[in-house]
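Spelled out from the first residue to the last, the chains are:
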Amino acid sequence: MKLFFFFALLVFFLYFSSSTARGPIHSSLPSGFRNGSRISFSDSVRRQLFQDKQSKLSDDRAKGYMTNSDLEEAVKEFGRRCSNISRIYSIGKSVHGVPLWVIEISDKPGEKEPEPAFKFVGNVHGDEPVGRELLLRLANWICDNYIKDSLARLIVENIHLHILPSMNPDGYFLRRRGNANNIDLNRDFPDQFFPVNNDINARQPETRAVMNWLREMQFAASASLHGGALVANYPWDGTEDKRRNYYACPDDDTFRFMASIYSHSHHNMSLSKEFPGGITNGALWYPIYGGMQDWNYIHAGCFELTLEISDNKWPNANEIPTLWEYNKMSLLNLAASLVKTGIHGRIFSSDSGMPLPGSVMIKGINYTVKAGKGFADYHRLLAPGERYEVVATMPGYKPKTTRISLDEAAMTLDFILDPEVTTKGSLRSINDCKCESNCGLEFFWRVHSQVYFILIVVSVFLCFLLKRRMKINILNHRQLPKRSVQV
């Protein structure tokens, strides 16, 4: 009997342990003109032919700035010098075949972690080059100081920071706003109000590269760097009626908070007389359509700001050190705010303990933040000093709601969701399965294998008891004394 209770306890344990840019151009709708012609040269030949024209296109403005070749070498040199906290990769090429290099900074670069990702994008407009210079300085400053500076260390250890110094190297080379096809890249993204840029074949290669980048990688927040004004711009950038007025997105309070972090960390941005507090709603400033900022928020779950970091679009190179000092703390504080504020956590299944790639919503805010597929981690930026009702959901599971009071510091908030109960009373558990070709097999094995295992163990145990009982009966029969027969 003791042996039976031991096996029953073992089965019980096994079962339950396994289940638990804007730029200063005031324009409305972008023109429908797209130069779709292609040159039949290879990328390397096309790039060389393009660079051979440099002597004709150079002017005094570029003196002291990095050329595209200088920038490429600086990025690669950074990768060699700071290889312990970085990796270098390209998200694509420009019209003329110039690689769009990205620097990733993290204590585990290239690895998947339950940490948020932040990106900086510079030089969206070719004639606004300050951003590409400052972003290289930012990367090098973090590398030089992350051991001794707490803010730099916070970024390296808790964030995957991605830096694209130049989105428009061809435009920079040509000293003009648009790319090699003379298309404004900050008007080339799909728009929420008007059907512009919906033809994927007409979209510029630089735009496609950024869009594919965000499909492959989940960014929680972002900022693009521009020139020609001094202000932190936030969504929405356009309006439904094309009129210039304040047009708030669902997360208006959060975006104002993010923009204020940059503005108030800046040397003098918050002192602006044109823009109160140094921040502005894009549509209130002037409406644009096809912008990268709104597309990030709508389609990629990424909270992006458009940062105008210098009144002069192309200042003298000797002003770059001063501009770096003016913007350094703003860049650092904005990136660090990703983990210093908001709510962060993971979503799990109560029956299996597996991570669930669910979603998180805030009641009263019409916006959904999706958890990561691998670790089911979410990172929800929110304005501090408010009370929020947070709802976690996952198909096949009961939603769970909790009320929080968010202070200045970030909050960790995990969710454990219970499977839904079907009409027959059985539990329905989906976990990380999207019901594709192998979904049924995965669901079948994950849920029912535990039951089959228990049945097998019980059957073996019963066979063991039966066999043992038979042996005892045989032995008892052999040991019985012979009876005498009396007549």
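As the structure is a computational prediction, the values presented were derived from the model and not from experiment.

What counts and what doesn't
Within each chain, residues carry numbers counting from 1 in the order of the written sequence. Only residues with pLDDT of 70 or above have their local features reported here, since the model is predicted, and side-chain atom pairs are shown and tallied only from 80 upward, although totals for entire chains, interfaces and linings are computed over all residues. Side-chain measures were taken over the full set of non-hydrogen atoms in the model, leaving aside hydrogen atoms and water. Here a helix means four or more residues in a row that DSSP labels H or I, a strand means two or more in a row labelled E, and each is numbered from the N terminus. To sort residues, take the accessible area from a 1.4 Å probe on protein chains only and compare it with the maximum for the residue type: under 20% means buried, over 50% means exposed, and anything in between is partly exposed. Every accessible area reported is derived by Shrake-Rupley at a probe size of 1.4 Å, with residue values counting cover from the shown protein chains alone. For two strands to be treated as a pair, DSSP must find at least two bridges joining them. Helix axes use the C-alpha atoms of the stretch in contact, all axes being lines fitted to C-alpha atoms, and the angles between their N-to-C directions lie in the range 0 to 180 degrees. Note on contacts: a residue pair qualifies if any of its non-hydrogen atoms lie within 4.5 Å across the two residues. Salt bridges, as used here, are contacts in which a Lys or Arg side-chain nitrogen is within 4 Å of a carboxyl oxygen on Asp or Glu. Whether two aromatic rings pair depends on their centres lying within 6.5 Å, for rings of Phe, Tyr and Trp, where Trp uses its six-membered ring; planes under 30 degrees apart make the pair stacked, over 60 edge-to-face, and the rest tilted. Working rule for helices: expected span equals 1.5 Å times residues minus one. The term polar contact refers here to a pair of N or O atoms within 3.5 Å; inside protein, the definition further demands a hydrogen-donor-capable atom paired with an acceptor-capable atom, and it admits residues adjacent in sequence only when both atoms are side-chain atoms. What we call a nonpolar core is a set of buried Ala, Val, Leu, Ile, Met, Phe, Trp, Tyr and Cys residues that are connected through their side-chain atoms within 4.5 Å. An angle below 35 degrees is treated as roughly parallel, one above 145 as roughly antiparallel, one from 65 to 115 as roughly perpendicular, and anything else as oblique. By definition, turning the near helix anticlockwise from the far helix through less than a right angle yields a left-handed crossing, and turning it clockwise yields a right-handed one. Residues are grouped as follows: nonpolar covers Ala, Val, Leu, Ile, Met, Phe, Trp, Tyr, Cys and Pro; charged covers Asp, Glu, Lys and Arg; every other residue, Gly included, is treated as polar.

**Here we look at the overall build of the protein chain**
1) Next: Of the regular secondary structure elements, the protein chain holds 13 helices and 18 strands.
2) Next: Counting only residues that meet the buried cut, the protein chain has 51% of its 487 residues in that class.
3) Next: With the model as given, the accessible surface of the protein chain reaches about 24,400 Å², and the carbon-plus-sulfur share is 55%.

**Overview of the sheet that holds strand E3 (residues 117-121)**
1) Next: With respect to topology, eight strands assemble into an open sheet ordered E1-E2-E4-E3-E5-E8-E6-E7, the strand pairing being mixed. Each edge of the sheet is formed by a strand with only one pairing partner; in this case those strands are strand E1 (86-93) and strand E7 (279-281). The sheet shows a mean angle of 25° between the axes of neighbouring strands, direction not considered.
2) Next: With three bridges joining them, strand E2 (residues 99-105) and strand E4 (residues 160-164) adopt antiparallel strand pairing. Within E4, the position partnered with Ile103 by the bridge is Ile163.
3) Next: Where helix H11 (residues 292-299) meets the sheet, its contacts fall on E3, strand E5 (221-226), strand E6 (229-234) and strand E8 (303-310), and the angle it forms with E8 comes to roughly 160°.

**A look at the pattern of salt bridges**
1) Next: Going through the model one piece at a time under the given rule, you end up with 15 salt bridges.
2) Next: Arg80 is the partner of Glu73 in a salt bridge, and the nearest nitrogen-oxygen pair spans 2.7 Å.
3) Next: For Glu128, the salt bridge is made with Lys313, and the minimal N-O distance between the two is 3.7 Å. Linking Glu128 in the loop between E3 and helix H5 (130-145) with Lys313 in the loop between E8 and helix H12 (320-340), this pair joins segments that are 185 residues apart in sequence.
4) Next: Taking the relative accessible area as the measure of exposure, Glu128 reaches 2% and is therefore buried.

**Section: the sheet that holds strand E13 (residues 386-393)**
Within a sheet, adjacent strands bond to each other through the backbone by hydrogen bonds, running parallel or antiparallel.
1) Next: Strand order in this open sheet of four strands is E11-E10-E13-E14, and the pairing throughout is antiparallel. Only two strands of the sheet have a single neighbouring strand rather than two, namely strand E11 (365-370) and strand E14 (400-406). Put simply, the sheet's adjacent strands are angled 25° from each other on average, direction ignored.
2) Next: For strand E10 (residues 359-362) and E13, the ladder comprises four bridges, and the chain directions are antiparallel. By the bridge assignment for E13, Val360 is matched with Ala392.

**Some details on the pairing of E5**
Sheet faces and side chains relate simply in a regular strand, where the side chains alternate between the two faces.
1) Next: Among the six residues of E5, six are classified as buried, and the element is accordingly described as predominantly covered.
2) Next: Burial of the side chains of E5 extends over both faces: Ala221, Ala223 and Leu225 are buried on one face and Ser222, Ser224 and His226 on the other.
3) Next: As paired strands, E5 and E8 are joined by six bridges and run parallel to one another. Bridging across to E8, Leu225 finds its partner in Leu307.

**As for the packing of aromatic side chains**
1) Next: Tallied over the entire structure, the rule returns 17 aromatic pairs.
2) Next: Relative to Tyr247, the ring of Phe193 has its centre 5.7 Å away and its plane inclined at 75°; by these criteria the two rings are edge-to-face. Placement of Phe193 in the loop between helix H7 (169-174) and helix H8 (205-216) and of Tyr247 in the loop between E6 and helix H9 (252-265) is noted, with a sequence separation of 54 residues between them.
3) Next: Here Tyr247 falls in the partly exposed class, since its relative accessible area comes to 23%.
4) Next: Ring centres of Phe303 and Tyr367 lie 5.5 Å apart, and the angle between their planes is 90°; on these two criteria the pair is classed as edge-to-face. Of this pair, Phe303 sits in strand E8 while Tyr367 is found in strand E11, placing the two residues 64 residues apart along the sequence. Take Phe303 and Tyr367: they sit in the same class, and that class is buried.
5) Next: Aromatic rings pair up to connect Trp236, Phe255, Tyr297, Phe303 and Tyr367 into one cluster.

**Points about H8**
1) Next: The end-to-end C-alpha separation of H8 is 16 Å, in line with the 16 Å expected for twelve residues at 1.5 Å each.
2) Next: Taken as a whole, H8 has its buried residues at Pro205, Glu206, Thr207, Ala209, Val210, Met211, Trp213 and Leu214.
3) Next: Contacts made by the buried residues of H8 are with E1, E2, E3, E4, H7 and H11.

**Focus: unusual backbone geometry**
Excluding glycine, a negative phi dihedral is what most residues carry, and trans is how most peptide bonds are arranged.
1) Next: Here the bond from Pro235 into Trp236 is cis, since omega is -5°, no more than 30 degrees from zero.
2) Next: Turning to its location among the elements, Trp236 is positioned in the loop between E6 and H9.
3) Next: A positive phi angle is found at Asn123, which is not glycine, with a value near 60°.
4) Next: Take Asn123: it is sitting in the loop between E3 and H5.
5) Next: Owing to a relative accessible area of 0%, Asn123 belongs among the buried residues under this scheme.
6) Next: In the Ramachandran plot, Asn197 falls in the positive-phi region, its phi being about 60° despite a non-glycine side chain.
7) Next: Tracing the chain through its elements places Asn197 in the loop between H7 and H8.
8) Next: Given the relative accessible area of 12%, Asn197 is considered buried.

**Focus on the environment of Asn123**
1) Next: Separated by 41 residues in sequence, Asn123 and Leu164 place their C-alpha atoms 8.8 Å apart.
2) Next: Not counting the four nearest positions on each side in its chain, Asn123 is found in contact with Glu128, Pro129, Arg132, Pro165, Ser166, Met167, Asn168, Tyr172 and Leu225.
3) Next: A polar contact of 2.9 Å, which involves the side chain of Asn123, links it to the backbone oxygen of His125.

**What about the nonpolar core?**
1) Next: In this structure, Ile105, Phe118 and Phe120 are the most contacted members of the largest nonpolar core, which totals 85 residues.
2) Next: Among all residues touching Phe120, those that are not within four sequence positions of it are Leu135, Leu138, Leu161, His162, Ile163, Leu164, Ala223, Leu225, Leu331, Leu334 and Ala335.
3) Next: The next biggest cluster of nonpolar side chains, apart from the first, holds 22 residues, and it includes Leu185, Met211, Trp213 and Ala300.

**Points about the packing of H9 against H12**
1) Next: In the contact formed by H9 and H12, the axes pass within 7 Å of each other and the chain directions differ by 150°. Taken together, the axes of H9 and H12 are roughly antiparallel relative to one another. The handedness of the crossing between H9 and H12 comes out as right-handed. Residues Met258, Ile261, Tyr262 and Ser265 of H9 form the contact with H12, whose own contacting residues are Tyr326, Asn327, Met329, Ser330, Leu331, Asn333, Leu334 and Ser337.
2) Next: A breakdown of the residues in the contact of H9 with H12 according to their chemical character gives seven nonpolar, five polar and no charged.

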